[in-house]
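One-letter residues, chain by chain:
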Amino acid sequence: MANFRSLQVGAVTNSMDAMVLPTIPLLLSLVVGLPSLRAADFPQAEISNGQITAKVYLPDAKNGYYRSTRFDWSGAVYSLQYQGHNFYGPWFDRIDPNVINWVYQGSEIVSGPCSALEGPVDEFQTELGWKDAQPGGTFIKIGVGVLRKSGTDYNRYFPYEVVDSGKWSVKKHKDSIEFQQELSDPVSGYGYMYRKVVRLAKGKPEMVIERSLKNTGKREMQSTVYDHNFVVLDKQPPGPDFTFEVPFQIQSSRPPNKELAEVRGNEIVYRKPLSGEDQVAVPIQGFSDSAKDTEIVITNKKVGAGVRISGDRPLVRDLLWSIRTVLAVEPYIAIDIQPGSVFTWKNTYVYYLVQAGK
């Protein structure tokens, strides 16, 4: 998940020495998905096309499952059922407001508030207006809102105060759900209208996530954005039962530990089931500037199911991250939007069955 060793707040003093941490009550207010609550206790929607049934958390500044500041609040598909298989679900045991990103604590995987989300979820990497803002001033995280600046260096895993989450609207249909966020920060000069549609294709085991971002502010918007794709397929640990393929010959600036996994041509192959504190994180290079190279095929031979993920914009970065509970691929694309212009992109997810054990 981008950083290769998770840290607790107390362990990041050197990198966050100028950061003033929120008070404990504020941190607690940002905790989502408390162990005592169930998924059904949060605002959500269910959609189906007769083949796939998906459950999606809804953005809600007061009662939403996710109210932290790393991931886009819309379109978090926390469960997707197809032919008796579930492709998404929790990858952590609990949430602790004192954790930055995530950590192993004894036998548990503990997430901080910022990283505690499931399924296909987007993150816009660039914080808009951070450099211009004074301490206590405001900046924007797309898909989240106007945030309060704290400290000298931006930290994506830190839960900033949400000053304004914008105007969210949700339209639900039987087989799709549409989200829209309108946001403006006159102080920084940034503003946007963000739209996301999660749609299940008619008569097919296929989900499409379509997005559009209109720059309604006075300043150019530049960022990279990726979908984290937290795949938790029938709770199977990443290992030799999984295959991971792309359309090109994989190169990597940081090959995986050979005891855990290795690169073989266009595949990353697991040598053993991940367990304990095992972690496989592989930066993936070798892709071209064609959108065809966004295709990723993940199959589990033991349970006999898989998913094919593709996008319609060329990659600028790609990464595989996995621990014992989750296999996640992070395909990054670039966005550059002039005032008044609109940028669109989409991802397609095709779910399928294979003969178990083959």
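Residues numbered from 1 in each chain as written. Predicted model: local features only at pLDDT ≥ 70, side-chain atom pairs only at ≥ 80, totals over all residues. Heavy atoms only, no water.

**Brief notes about the nonpolar core**
Judged by nonpolar contacts, the single largest core of 80 residues is most densely connected at Trp91, Met207, Phe244 and Tyr351. Once you skip the residues sitting within four places of it in the chain, Met207 turns out to touch Ile52, Val77, Leu80, Tyr88, Pro120, Val198, Arg199, Leu200, Asn347, Thr348, Tyr349 and Tyr351. The next biggest cluster of nonpolar side chains, apart from the first, holds 17 residues, and it includes Phe124, Val146, Leu183 and Leu213. (Core = buried A, V, L, I, M, F, W, Y, C linked by side-chain atoms within 4.5 Å. Buried < 20%, exposed > 50% of the residue type's maximum accessible area, 1.4 Å probe, protein only. Contact = heavy atoms within 4.5 Å.)

**Observations regarding the pairing of strand β24 (residues 296–300)**
In terms of burial, β24 is a largely internal element, five of the five residues being buried. Judged by which residues are buried, β24 turns out to be covered on both faces: Ile296, Ile298 and Asn300 on one side and Val297 and Thr299 on the other are all buried. As paired elements, strand β20 (residues 242–245) and β24 share four bridges and run antiparallel to each other. From the neighbouring strand, Phe244 faces β24, where its bridge partner is Ile298. As paired strands, β24 and strand β25 (residues 305–311) are joined by five bridges and run antiparallel to one another. Counterpart to Val297 in the pairing with β25 is Arg308. What sits between the antiparallel neighbours β24 and β25 is a turn of four residues, in which Gly304 has the positive phi angle 75°. (Helix = DSSP H or I, 4+ residues; strand = E, 2+ residues; numbered from the N terminus. Pairing = 2+ DSSP bridges.)

**Considering the pairing of strand β27 (residues 326–337)**
Burial analysis of β27 places ten of its twelve residues in the buried class, which makes it a mostly covered element. Relative to β27, strand β18 (residues 221–227) is paired through six bridges, and the arrangement is antiparallel. Opposite Val225, over in β27, you have Ile333 as the bridge partner. In terms of strand pairing, strand β19 (residues 230–231) meets β27 through two bridges, oriented antiparallel. Across the sheet, the residue bridging to Phe230 is Ala328, located in β27. For strand β26 (residues 317–323) and β27, the ladder comprises seven bridges, and the chain directions are antiparallel. Residue Leu320 lies in a different strand from β27, and its bridge partner there is Val329. Hairpin connection of β26 to β27: two residues between the antiparallel strands.

**Digging into unusual backbone geometry**
Residues other than glycine seldom take positive phi values, yet Gln83 does so here, at roughly 50°. Along the chain, Gln83 falls in the loop between β4 (76–82) and β5 (85–86). Assessed through its relative accessible area of 55%, Gln83 is described here as exposed. Backbone geometry at Lys235 places phi at a positive 60°, although glycine is not the residue there. Mapped onto the elements of the fold, Lys235 is located in the loop between β19 and β20. Judged by its relative accessible area of 74%, Lys235 is exposed.

**Here we look at the sheet that holds strand β11 (residues 138–141)**
Taking strand neighbours across the sheet as the criterion, the three strands line up as β11-β12-β13 in an open arrangement whose pairing is antiparallel. The two strands at the open ends of the sheet, each matched to only one other strand, are β11 and β13 (162–164). Put simply, the sheet's adjacent strands are angled 45° from each other on average, direction ignored. Pairing geometry for β11 and strand β12 (residues 145–148), over four bridges, is antiparallel. Paired with Lys141 across the bridge in β12 is Gly145. (Axes fitted to C-alpha atoms, helices over the stretch in contact; angles between N-to-C directions.)

**Quick notes on the confidence of the model for the protein chain**
Averaged over the protein chain, the pLDDT score is 90; the fraction of residues at 70 or greater is 88%. A low-confidence stretch, residues 2–36 stays under pLDDT 50, and its non-local contacts, those more than four residues away or across chains, total 72 contacts. (pLDDT = per-residue confidence, 0-100.)

**A look at the sheet that holds strand β6 (residues 94–95)**
Spatially, β6-β9-β8 is the arrangement adopted by the three strands of the open sheet, whose pairing is mixed. Because the sheet does not close on itself, it has two edges, and the strands there are β6 and β8 (102–105). Relative to strand β9 (residues 108–111), β6 runs parallel, the two sharing two bridges. Bridged to Ile95 within β9 is Ser111.

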